[in-house]
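Given next are the chains, with one letter for each unit.
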Amino acid sequence: MSVFVKKLVEKASLKKQHAGFSDNLKPEDLHPYLVFHYGIPSGSILLAYDSIQQILAISTKDGQIKLFGKDGSQALLESSETIPSKFLLFIENQGILLNVNVKNHIEVWDLDRKFLSAIHHFEKEITSFAAIHTGPYMYIGDSGGDVSVLRLHQDQCRIELMKYRIPFSASHGKINEVGIDIAAKVVLPQPTAETKRVLIIYSDGVITLWSIEESKVICTNSSGTALQSTYQEAKKVTSACWACPDGTKVAVGYSNGDIFLWNIPCPSESKTEQNFQVTPIYKLNLGYKADKIPIAKLKWADADGKSSRLYVLGCSDSHSANMLQVVLLNEQTETRTIKLGLHLSESLIDMEITTSSIGQDKHRRDSLILLGRSSNVFTYDDSSIERYLVQCQTKSSPSLPKGETINLPYGDSTITVTKFITNTPCTPFSSDEEFNMVEKYGLPLFPFEKRLVKDGSNSNSTAFVPFSKAANLFITGHSSGAINFWDASRPLLLPLASITQQSENDISISGVPLTALFFSYESNTLVSGDQSGTVRIYTLKSEAFAPQTSFLSFQGSTKKGSNHVVRKIKAVKVNGSVLSINATENLKHLAVGSDKGYVSLIDPEGPNILYQKHFASELCTGIISMHFETCSFHGFEKNVVIVATKDSSISALDKDTGNSLSSAVVRPNKPSTALFTRILDGNDISINSDNSAQKQTSLLLCSEKAVYVYSLSHLVQGVKKVVHKKKFTSSCYWASTFGSPDIGLILLFSSGKIEIRSLPELSLVKESSIRLLTFSTFRPSDIIVSSSNDGELIIVNADKELLFVSTLLHNEAYRLLETVSQVVNRDLIGDQGLICSPSTKEKKKGIFSSVMKDNKSIKSRNGLDFENEDSRLSVEELSAIFSAVNFPIDRETSEKSTRNEDDVDLDIDDIDIEDPKEKQGVGYSAMAGLNRLNISNKFQAIKGKIKNAKVKNDKVPVTDEPHEEKTGAVDQIKKKYGYATSGESGVANTAKTKLSENLKKLQGINMKTTEMQDTARSFSSMAKEVLRFAEKEKGT
């Protein structure tokens, strides 16, 4: 232990030596990763909603799923495969989300742990997917027209393919022809009898109601003229949904734009032998057929029959006025169609209806969520849609419902420029205060997230938290000209101040987009530059930043506007749009660069422009950065300004006169767009003639194609001396350094890759990748990145999303991370019951009886009636039905199923759990969780084998041979009372002993893992204390 402490002290006390900072930047200290994602992810394609937990899920085309829970909580899930989803389904109020991707892999997500608990590989092309609300069973329809049943074993984290199936030949009425498959397009459990009947709608238009217990068709439209009357032209079924609470009407959409309502007979238990017919009720004419727009999705909302509505979404790559329509469904619909067309700025790909509670009385508000093709999300108050349709029945002229586009709530206009400062002096909130502040001042992403406090006012109205409470400060400049300050101590930003002033006498907003920001926390000075060339210098009130004993002690801190933070403001105008701003250490001079190639030196006291210098360029004239530096020039110390242009050209000016120090310009041989420059103070080494080492100042230049380190002493003389250089294999779009002084370089690439390189050697120290940062979902022009000195990044993507990225392994820059990412209400799950295997002690009521005990008279969110508890089958009864073979399986299918469920002939001795001491490999700890899951699966397989062996032995007839008479009688008695026979017990006992030994070993591994984690935390805490002590000693 003493050796370890000694090394930490030596490392903390280490001065900057000949090797530069690379000795202090170690791979084990770095871990670039996405800390938190806020907003709507790019590439969104599917929606799903849990109406009880009130969780909205959005899946993307690259295998990610974004979750939005109550009270502003958000979480991001990432699949191992970067492929799109085609079905997304909640097991309601169970904290389980099922995701089916285009490879027909069914992912089971545990939302409480945000963990992928199981993946089931389905052999056929999945064309429909549905779940039973009151049991752990799911229906899978495939491209061949068959319907399979899956069971979710939540406690064992696996999906089981049941023996029960609904073959196409039995349910459709004919055999699929070779090369012409008729898919099971939609599978809908019947609401009032979902454990007994299921509706199957095939792509060719055949509708079949299937009896689960009897394994036969109850009614269909395939016989007679019912189907022929609706199929006078070629068309395919594309969507369907129930259109009544009890499951006797279904709405079906077709590829040619037709929409039919069909009557589904509901037979009584005693009349199942009668011949029933599924018949069309009427056809809805909404204009989709005229435009040849297929019906992509149908959704029904109940309103006691009088104002029930059918939401119709058309599928079209081009924008159409008829894309989304809402139709009133009541007794007058057949004679008079009352509809509403919602005209949006882009074509839509999905829709969902969400429910939220507002205010102390928990007033229910339903919202229509619409997903656009470009990942825009739109929302409407569903009650306004209902009100419009009802008023249309009276021939009045109601006002049209107004929708909202979901954007980041951080300002009324687009963010155009940002600054990020961490570890500011502050007096943080207590835990209780922090929760209260987030609830009171947090800004909702969705309109329906707005909450009311006890006095009835809106808790999310604009108010401000004091600066003294902000450990991290995030500053945003907007297209409207406004500047907003945010407390970024947690991933949910809280407002600190908003500045809209243009001058001392003009407090109105300018309306001109901001393009550059400079902020000095120590001097409370903020400088902004906008598109028109106006530079504004704000002196902020020092008392706004002073530590306070109470968050209300600074008077006026909760008032809206600029007055409570701005002391004075000055303005000056330069030539061109402002691109960059920098200042001397004492803030006596400002340097401003513009897109027209002008560098202006400004005295902020006037403010006066001391001089302007123009840099001409054939490629890009924009000035991306200026640096003030003192360096040796022909043997004299001279104050210079180092100027970098967009084409990667570097020049040096005399700071006092503005004259160029050399006519030569330093630039790469192959110019590319410059991204970032930085003065590296004494980071490199030069060897004198007497072999003595001398530190020299250098300039770091990063472009899209490469990164360079130039000798600054040569550069000011117009001489190009490259000290270090690194070319990129892919395009870089952002770069910055971190550390004080700079110890590392962060590079972001269009492929999503993050590189961290040492300075000044530029050697690769750490490489990682973040899927959300790939340009398959991002546009470079929409991205704004800002970083802090300790390697924290905030990335803004247009108005849609905010990414919090950390580069250091143990840097905990944000509070309440666990709270804001907890989307599942555990208490609600506890009240309603969990999905699990059936209990042998409660066979009468079933494991799901508690789920519905308080909801017998309550309808689901979309108006469908729940199945009566007394009439529905229990989980045990369903398990017995679905576990039995109801139709013979052909040999090929049987062999394939056998291979899938038991790829390896398992034996109890195959499972070898060694002591952790024997597994000291590098990847042991990383694979521990996966190995445990594999072992668990093997245990289950072995249990199944033992059970099968037991069943087989039970079927062996007892012989009358003399030498078996004694044991036979005992075995008969054992069998009668459910005990294993003497022949079976030996194998079972051996297996049981082996299992027990392995379980004990697993428990030992868990205990040692916990002990190692505690030890690691102790080492980490001690290391931080030692480093802090060494830094303090060094400072004194």
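Residues numbered from 1 in each chain as written. Predicted model: local features only at pLDDT ≥ 70, side-chain atom pairs only at ≥ 80, totals over all residues. Heavy atoms only, no water.

Overview of the overall build of the protein
Okay, step 1: Secondary structure summary: the protein contains 13 helices and 56 strands in total.
Okay, step 2: In the protein, once contacts between residues fewer than 6 apart in sequence are set aside, the share between residues at least 24 apart is 57%.
Okay, step 3: About 48,100 Å² of surface is accessible on the protein, with carbon and sulfur atoms providing 50% of the total. (Helix = DSSP H or I, 4+ residues; strand = E, 2+ residues; numbered from the N terminus. Contact = heavy atoms within 4.5 Å. Areas by Shrake-Rupley, 256 points an atom, 1.4 Å probe, with all protein chains shown as cover.)

Considering helix α5 (residues 431-441)
The α-helix advances 3.6 residues per turn, and as a result positions three or four apart in sequence lie on the same side.
Okay, step 1: All of the buried residues in α5 are Glu434, Met437, Val438 and Tyr441. The buried residues of α5 occupy an angular sector of 100 degrees when the element is viewed end-on, so they sit on one face. (Buried < 20%, exposed > 50% of the residue type's maximum accessible area, 1.4 Å probe, protein only. Arc of directions from axis to C-beta.)

Comments concerning the pattern of salt bridges
Okay, step 1: Per the stated rule, a full pass over the model turns up 22 salt bridges.
Okay, step 2: Of the charged contacts, one joins Arg536 and Asp530 as a salt bridge, the two residues approaching to 3.3 Å between their closest N and O atoms. The two residues Arg536 and Asp530 agree in class, both being buried.
Okay, step 3: With a shortest N-O distance of 3.3 Å, Asp654 and Lys638 are connected by a salt bridge. (Salt bridge = Lys/Arg side-chain N within 4 Å of Asp/Glu carboxyl O.)

Focus on the packing of aromatic side chains
Okay, step 1: On inspection of all chains with the given rule, the structure shows 18 aromatic pairs.
Okay, step 2: Judged by centre distance (6.4 Å) and plane angle (55 degrees), the ring pair of Phe87 and Phe129 falls under tilted. Here Phe87 is found in strand β6 (residues 85-91), whereas its partner Phe129 is found in strand β10 (residues 126-131), with 42 residues between them in sequence.
Okay, step 3: A residue is classified by how much of its surface remains accessible, and Phe129, at 11% relative accessible area, is buried.
Okay, step 4: When the ring of Tyr410 is compared with that of Trp486, the centres are 5.1 Å apart and the planes differ by 65 degrees; the resulting orientation is edge-to-face. (Phe/Tyr/Trp six-rings, centres within 6.5 Å; stacked < 30°, edge-to-face > 60°.)

Details of the side chain of Asp530
Okay, step 1: Mapping Asp530 onto the fold places it in strand β36 (residues 525-530).
Okay, step 2: Classification of Asp530 by relative accessible area gives buried; the value is 1%.
Okay, step 3: At 3.3 Å, the side chain of Asp530 and the side chain of Arg536 are in polar contact.
Okay, step 4: Excluding its chain neighbours within four sequence positions, the residues that come into contact with Asp530 are Val512, Pro513, Leu514, Thr515, Arg536, Ser577 and Val578. (Polar contact = N/O pair within 3.5 Å; in protein donor to acceptor, adjacent residues only side chain to side chain.)

Looking at the pairing of strand β8 (residues 105-110)
Put simply, side chains in a regular strand alternate between the two faces of the sheet.
Okay, step 1: Buried residues dominate β8, accounting for 6 of its 6 residues.
Okay, step 2: By the alternation rule, side chains of β8 split into His105, Glu107 and Trp109 and Ile106, Val108 and Asp110, which are all buried.
Okay, step 3: Relative to β8, strand β7 (residues 96-101) runs antiparallel, the two being bridged by 5 bridges. Considered in β8, the bridge of Ile96 is made with Asp110.
Okay, step 4: Alignment of β8 against strand β9 (residues 115-121), held across 6 bridges, turns out to be antiparallel. Bridged to Trp109 within β9 is Leu116. (Pairing = 2+ DSSP bridges.)

Let's talk about the nonpolar core
Okay, step 1: Residues Phe446 and Leu802 are the most contacted members of the largest nonpolar core, which totals 36 residues.
Okay, step 2: Element by element, the count of residues in this core is highest for strand β1 (residues 30-39), at 3 residues.
Okay, step 3: Residues in contact with Leu802, not counting those within four places in the same chain, are Phe36, His37, Tyr38, Leu408, Tyr410, Leu493, Ile794, Ile795 and Val796.
Okay, step 4: The next biggest cluster of nonpolar side chains, apart from the first, holds 27 residues, and it includes Val417, Tyr441, Ile483 and Leu496. (Core = buried A, V, L, I, M, F, W, Y, C linked by side-chain atoms within 4.5 Å.)

Concerning the sheet that holds strand β54 (residues 783-787)
Okay, step 1: Ordered in space as β1-β56-β55-β54, the 4 strands form an open sheet in which the pairing is antiparallel. What marks the edges here is a single partner per strand, and that holds for β1 and β54. Adjacent strand axes in the sheet meet at a mean angle of 20 degrees when their direction is disregarded.
Okay, step 2: In this structure, β1 lies alongside strand β56 (residues 801-808), joined through 7 bridges in antiparallel fashion. Across the sheet, residue Phe36 finds its bridge partner in β56, namely Phe804. (Axes fitted to C-alpha atoms, helices over the stretch in contact; angles between N-to-C directions.)

A closer look at the sheet that holds strand β41 (residues 598-603)
Okay, step 1: Read across the open sheet, the 4 strands follow the order β39-β40-β41-β42; overall the sheet is antiparallel. Two strands close off the open sheet at either side, each with one partner strand: β39 (578-583) and β42 (608-614). Within this sheet the neighbouring strands show an average axis-to-axis angle of 20 degrees, counted without direction.
Okay, step 2: Pairing of strand β40 (residues 590-594) with β41, which is carried by 4 bridges, proceeds in the antiparallel orientation. If you follow Gly593 over to β41, its bridge partner there is Val599.

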